[in-house]
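An overview of the molecular structure
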Amino acid sequence: MAREMKDTGTWAHKIPLKWKTMNFSLATQKITTGLNPRNNFKLNECSAKNYYVTIRNFKNGKLFLDDNCDKITDDALYLIQKRSNLKKNDILFASISKEGQAYLILNNPQNWNINESVFSIRVNETFFCAKYFYYQITNPAYYESLKTDATGSTFKSIKQEKLKQSTVVRPPLSEQQKIANFLDEKVKEIDNAIEKTKETIELYKKYKQAIITEAVTKGLDSNTELNVINVKGINKIPKTWLVADFTKVNYIRGRLGWKGLKADEYVDQGYPFLSAFNIINDKLSWNNLNFITKERYDESPEIKLKENDLLLVKDGNGIGKCAFIDSLPLGEATVNSSLAVITPIDLVHYKYEYYFFLSTIFQNVIWQLKNGMGVPHLTQESMKNIKMPLPPIKEQIEIALYLDNKCNYIDKVISKEESIIFMLENYKKSFIYEYVTGKRRC
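In short, a report on the structure. (Residues numbered from 1 in each chain as written. Predicted model: local features only at pLDDT ≥ 70, side-chain atom pairs only at ≥ 80, totals over all residues. Heavy atoms only, no water.)

1. Observations concerning helix α11 (residues 393–436)
Over its 44 residues, α11 extends 62 Å from the first C-alpha to the last, a length consistent with the 64 Å expected when each residue adds 1.5 Å. The first or second residue beyond α11 is G438, which carries a positive phi of 80°. (Helix = DSSP H or I, 4+ residues; strand = E, 2+ residues; numbered from the N terminus. Expected span 1.5 Å × (residues − 1).)

Next comes the structure, spelled out in structure tokens:
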């Protein structure tokens, strides 16, 4: 039997006739935040063993207390807790996020607390079940309604006042609990399907990397005679191949700092200014570009890009991401200081070298850099330690063509699996919305 519905004039649109809407400030007991280290405490001191949670440490309803968390001392933890007063069933809410990331605290926190960019929300239990409230404020329709006056371009900053002025939906408490329990079960099923699909994608990615590594170290002829070599990560290569010092077969350069360039100097029309964010799945994206003036573009002529150049991320957590320039759709382009521009000399085919970058040999070097320092940097000095298998140029081209075909097929399979994840995530969002607003009933 269909429910009678009424129009709310809010993000929820229509809700059951017997349900109510309520102001957020009345629906909650408190909204607080953690503390900024500035003038309060220091991060990552020797005695620090507690986790300092920021908006990057919770996602998709899960809290990640791991090495990506900064650490704080017991004194700092006590100081923050005096302000945040975290308890079981409080909801952490990211004040800055593309989507409404949140986490429902399952047990009283013992060894962690939050920074100033995380809101801690405690519901008024007279009116709300915490789990139902969590599902409601993390659904996209509600979060989009908060962003109308939010600041920031990529990540929107939500103010406490905006939260307090928002409207939430209030079913009877007994029905809230029923909805929350139902959603727990169904969301778990959907999340399990998403995780299994992600595992399948990872298997295809490993398979792809194995094919690449085999081709760039052994070639395409399984019967070819191999020589034993003394190079870390490579045991044998075909007898007709050489081993080259990476820096001796490439012209490597990068932007020396920013030369005073600031983001407010970007222009609407000018010369594309590529960054690590323009490399997606090891391919170059010409979307979401920044542009600089001709004067800034001409300051660094050595990094003006040409076809068949390679780009390699050399700084930060994205270190090791790579792409090749097969065309310049806007005619000219340059890069920021996070990218190295690499031009192979005549002995090296650019596409073969691109696949070498994707191999486990090269990525293992990157892994060692990532784990050997705080903020990793790939310098020309560190590149001197990289050895590169070097087939005859004709064979490099054959290997590149072979890998193009193989990898294109695998990438299409991965793309299909990713579309399944996209579909499941959208289904989950719409599923939650339908139930928290009463359009569907348990």
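2. What to know about the state of the cysteines
For the coordinates displayed, the defined rule picks out zero disulfides. Of the cysteine sulfurs around C69, a residue in no disulfide, the closest is that of C46, at 19 Å. The thiol of C407 is not disulfide-bonded; the next cysteine sulfur, from C322, is found 11 Å away. (Disulfide = S-S within 2.5 Å.)

3. Some remarks on the nonpolar core
If you look at the biggest cluster of nonpolar residues, it comprises 45 residues, and the most contacted ones within it are F246, F357 and L403. Ignoring any residue separated from it by four or fewer positions in sequence, one finds F246 in contact with I252, I342, E353, F356, F357, M383, I386 and M388. Among the nonpolar cores identified, the runner-up in size contains 40 residues, and L104, Y135, I137 and Y433 belong to it. (Core = buried A, V, L, I, M, F, W, Y, C linked by side-chain atoms within 4.5 Å. Buried < 20%, exposed > 50% of the residue type's maximum accessible area, 1.4 Å probe, protein only. Contact = heavy atoms within 4.5 Å.)

4. Remarks on the sheet that holds strand β20 (residues 271–274)
Ordered by their spatial adjacency, three strands build an open sheet running β23-β20-β26, and the pairing between neighbours is mixed. The two strands at the open ends of the sheet, each matched to only one other strand, are β23 (290–292) and β26 (334–335). Judged from the two bridges that link them, β20 and β26 form a sheet pairing that is parallel. Across the sheet, the residue bridging to L274 is V335, located in β26. (Pairing = 2+ DSSP bridges.)

5. Comments concerning the packing of aromatic side chains
Going through the model one piece at a time under the given rule, you end up with 21 aromatic pairs. When the ring of Y271 is compared with that of Y297, the centres are 4.2 Å apart and the planes differ by 10°; the resulting orientation is stacked. With Y271 in strand β20 and Y297 in helix α7 (residues 294–298), the pair connects residues that are 26 residues apart, well separated along the chain. As far as burial versus exposure is concerned, Y271 and Y297 are alike and both buried. Taking the centre distance of 4.8 Å and the plane angle of 80° together, the rings of F324 and Y354 count as edge-to-face. (Phe/Tyr/Trp six-rings, centres within 6.5 Å; stacked < 30°, edge-to-face > 60°.)

All we've got here are geometric facts, nothing functional implied.
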